[in-house]
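Fold and geometry: a report
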Amino acid sequence: MKTIINKNYQKLLTATFITRFGDSIDSIAFSWMVYVMTGSRVLMGTIFAISIIPNILILPFGGVVADVFNKKMITVFGDILRGFSVAVLALFYFLNILEVWHLFVFVSINSLFESFANPARGSMMPNIIEQEDFVKGSSWLGTASNFGSLIGLSVAGILIAVVGIWGTILIDAITFLFSGLLIFLIQFKDRREEVAEKPKVKDYFVLIGEGITYLRSKKILIALLLLASFLNFALVPLNVLRPIYVTEVLNLGVEGLSYLGMAVMIGMIVGGYLMGVKGKNMNAITGIGLGLSLLGLMYMLMGLPGYTNFSENFNLLFVIIVSFFFGLSVPVVNAPMTAAIMRTTAPEMLGRLSSIMGVVVLCAMPLGGFVVSIIGDSISVSLLFIIMGFSGVLLSSVFWATNRNKELV
């Protein structure tokens, strides 16, 4: 019996775990650093919005670059350059010379390298395991990614307390270097070499145009695209304003970010397991509506501690439980949504359609960031969470009512 546990796959698995661990501790350290430096919701929202723009502009071409050039070396150089960029950011903060405009530069550079490295990293696996192991291999990579995130979120607060913000960010930089080394040591035959003719630039744009035309012909796909875009838009306040939420609403320090992040990640792992075991026979439209309703409800409940007089310990326990179910709702939405897209889309259109939809969905994130930057100082974090959550519940009802009788073929 064949196994996917070969040395090259083990290196990819370990590199995935390491990078997700580093990304998780950095997400908390960086957001806390921005909060300490600025304390401004406007700047926090704007920095978040700017960080997404390079992804939107470059990501569609990153996949083409990964298909045409050496996947391994693109990933290696991407990790090394990201590690160097993050290390310089940590050094600037340690030397107390980091200014706000530096943050915009660093997040843009990091996003640029990520846009090329991630598609290349994602397309390596088919070259190192057999086709019949793709599902199993993807599952193990997802598990490694989730556990890396969980451990990173668990220790981020401790690391910040022990080695400081700059030291925690420096650790993230080191994880990129380790990941790059592991990827460099992977040996495989790049199957792009089997392709007789490399795609031309003009061919790429023609294929994208065909994908857009196909998307416009499928109303259910447009509905799913709008739904996914709203999710990305609505979750921006939670992602951007979490440091303010844990300090002003929960009266906690940086450890509060770890508590909430761990609860969400554990919920996502449990939700992913439940969907894998019980979700096979679930109607996709019903699953999406149910998951989005649960997500919206949990989002609203996160805002309640801002309007109650309960003890801090009770509020913390309440928010941890709510965060767990918030995380659990994410795969309940994502799994049937992915299944609905795959069932509705012709196989030969799936790759380019995913790319087009991915870029559109990403566009919702800077829009959400700019909204936070505009109204973030005008209303409370709690009220903003309640508004976004209520919008999610309302949208899920509309989506289910208008699509419940549609066949996904």
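Before any of the text, the structure's been laid out above.
The rules behind each value
- Residues numbered from 1 in each chain as written.
- Predicted model: local features only at pLDDT ≥ 70, side-chain atom pairs only at ≥ 80, totals over all residues.
- Heavy atoms only, no water.
- Helix = DSSP H or I, 4+ residues; strand = E, 2+ residues; numbered from the N terminus.
- Buried < 20%, exposed > 50% of the residue type's maximum accessible area, 1.4 Å probe, protein only.
- Areas by Shrake-Rupley, 256 points an atom, 1.4 Å probe, with all protein chains shown as cover.
- Contact = heavy atoms within 4.5 Å.
- Salt bridge = Lys/Arg side-chain N within 4 Å of Asp/Glu carboxyl O.
- Phe/Tyr/Trp six-rings, centres within 6.5 Å; stacked < 30°, edge-to-face > 60°.
- Core = buried A, V, L, I, M, F, W, Y, C linked by side-chain atoms within 4.5 Å.
- Expected span 1.5 Å × (residues − 1).
- Axes fitted to C-alpha atoms, helices over the stretch in contact; angles between N-to-C directions.
- Parallel < 35°, antiparallel > 145°, perpendicular 65-115°, else oblique.
- Nonpolar A, V, L, I, M, F, W, Y, C, P; charged D, E, K, R; others polar.

Regarding its fold elements, the protein presents 13 helices and zero strands. Here the protein, with 409 residues, has 50% of them falling under the buried criterion. A total of about 19,300 Å² of accessible surface is found on the protein, and carbon and sulfur atoms cover 69% of it.

Moving on, we come to the environment of Ala263. Among the secondary structure elements, Ala263 is positioned in helix H9 (residues 255-278). According to the relative accessible area criterion, Ala263 is buried, its value standing at 5%. Not counting the four nearest positions on each side in its chain, Ala263 is found in contact with Ile320, Ser323 and Phe324.

Below, the discussion takes up the pattern of salt bridges. Taken as a whole and assessed by the stated rule, the structure comprises two salt bridges. With a shortest N-O distance of 3.3 Å, Asp23 and Arg20 are connected by a salt bridge. Here the residue Asp23 and the residue Arg20 both occupy positions in helix H1 (residues 7-38), the gap between them amounting to three residues, near one helical turn. Residue class for Arg20 comes out partly exposed when judged on its relative accessible area of 29%. Here Asp23 ties to Arg82 by a salt bridge, and the two come within 3.9 Å at their closest N and O atoms. Within this pair, whereas Asp23 is found in helix H1, its partner Arg82 is found in helix H3 (residues 71-94), the two being separated by 59 residues in sequence. The burial state of Asp23 is the same as that of Arg82; both residues are buried. In the salt-bridge network here, residues are joined through shared partners; they are Arg20, Asp23 and Arg82.

Within a pair of aromatic rings, the relevant descriptors are the distance that separates the centres and the angle that separates the planes. Evaluation of the coordinates by the stated rule reveals eight aromatic pairs. Ring centres of Phe94 and Trp166 lie 4.4 Å apart, and the angle between their planes is 45°; on these two criteria the pair is classed as tilted. Residue Phe94 is found in helix H3, and its partner Trp166 is found in helix H5 (residues 134-185); the two are separated by 72 residues along the sequence. With relative accessibility at 48%, the residue Phe94 sits in the partly exposed group. Judged by relative accessible area, Trp166 falls into the partly exposed class, the value being 31%. When the ring of Tyr245 is compared with that of Phe385, the centres are 5.1 Å apart and the planes differ by 40°; the resulting orientation is tilted. Taken together, the positions of Tyr245 in helix H8 (residues 242-249) and Phe385 in helix H13 (residues 381-403) put the pair 140 residues apart, joining distant regions of the chain. Here a set of aromatic residues connected by ring pairs shows up, and it is made of Tyr245, Tyr299, Phe326 and Phe385.

Counting 90 residues, the largest nonpolar core has Leu224, Tyr245, Phe326 and Met337 as the members making the most contacts within it. If we skip the residues at most four places from it in the chain, Phe326 touches Leu235, Leu238, Val264, Leu295, Met298, Tyr299 and Met302. Grouped together as the second largest cluster of nonpolar side chains are 10 residues, Leu12, Ala15, Met124 and Ile186 included.

Another aspect to go through is the side chain of Thr19. Checked against the element boundaries, Thr19 lands in helix H1. By relative accessible area, Thr19 is classed as buried at 7%. Excluding its chain neighbours within four sequence positions, the residues that come into contact with Thr19 are Arg121 and Ser179.

On to H3, then. Look at H3: 35 Å from first C-alpha to last across 24 residues, which is about the 34 Å you get at 1.5 Å a residue. At the C-terminal side of H3, Asn96 shows a positive phi close to 60°.

Running from amino to carboxyl end, helix H7 (residues 219-240) crosses H13 at an angle of 170°, the nearest separation of the two axes being 10 Å. Classified by the interaxial angle, the pair formed by H7 and H13 is roughly antiparallel. Listed contacts from H13 to Ile220, Ala223, Leu224, Leu227, Phe230, Phe233, Ala234, Pro237 and Leu238 of H7 are Leu384, Phe385, Met388, Ser391, Gly392, Leu395, Phe399 and Asn403. Residues of the contact of H7 with H13, tallied by class, amount to 14 nonpolar, three polar and no charged.

Quick look at unusual backbone geometry now. In this model, Asn96 sits at a positive phi of 60°, which is unusual for a non-glycine residue. Mapping Asn96 onto the fold places it in the loop between H3 and helix H4 (100-122). Although it is not a glycine, Asn251 sits at a positive phi angle of roughly 55°. Tracing the chain through its elements places Asn251 in the loop between H8 and H9. Residue Asn251 is classed as partly exposed on the basis of its relative accessible area of 43%.

Turning our eyes to something else, we now look at helix H10 (residues 284-302). When the terminal C-alpha atoms of H10 are compared, their 27 Å separation across 19 residues agrees well with the 27 Å that a helix rising 1.5 Å per residue should span. All of the buried residues along H10 are Ala284, Ile285, Gly287, Ile288, Gly289, Gly291, Leu292, Leu295, Gly296, Met298, Tyr299 and Met302.

Okay, the side chain of Ser85 next. Its place among the elements puts Ser85 in helix H3. Accessibility expressed as a relative area gives 7% for Ser85, which makes it buried. Setting aside residues up to four positions removed in sequence, Ser85 forms contacts with Phe106 and Ile109.

Turning our eyes to something else, we now look at the packing of H1 against H8. Remark: H1 packs on H8, axes separated minimally by 9 Å, with the N-to-C direction vectors making an angle of 65°. Viewed along their axes, H1 and H8 adopt a mutual orientation that is roughly perpendicular. The segment H1 lies against H8, with Ser31, Trp32 and Tyr35 engaging Pro243, Ile244, Val246 and Thr247. Looking at the contact of H1 with H8 residue by residue, the classes come out as five nonpolar, two polar and no charged.

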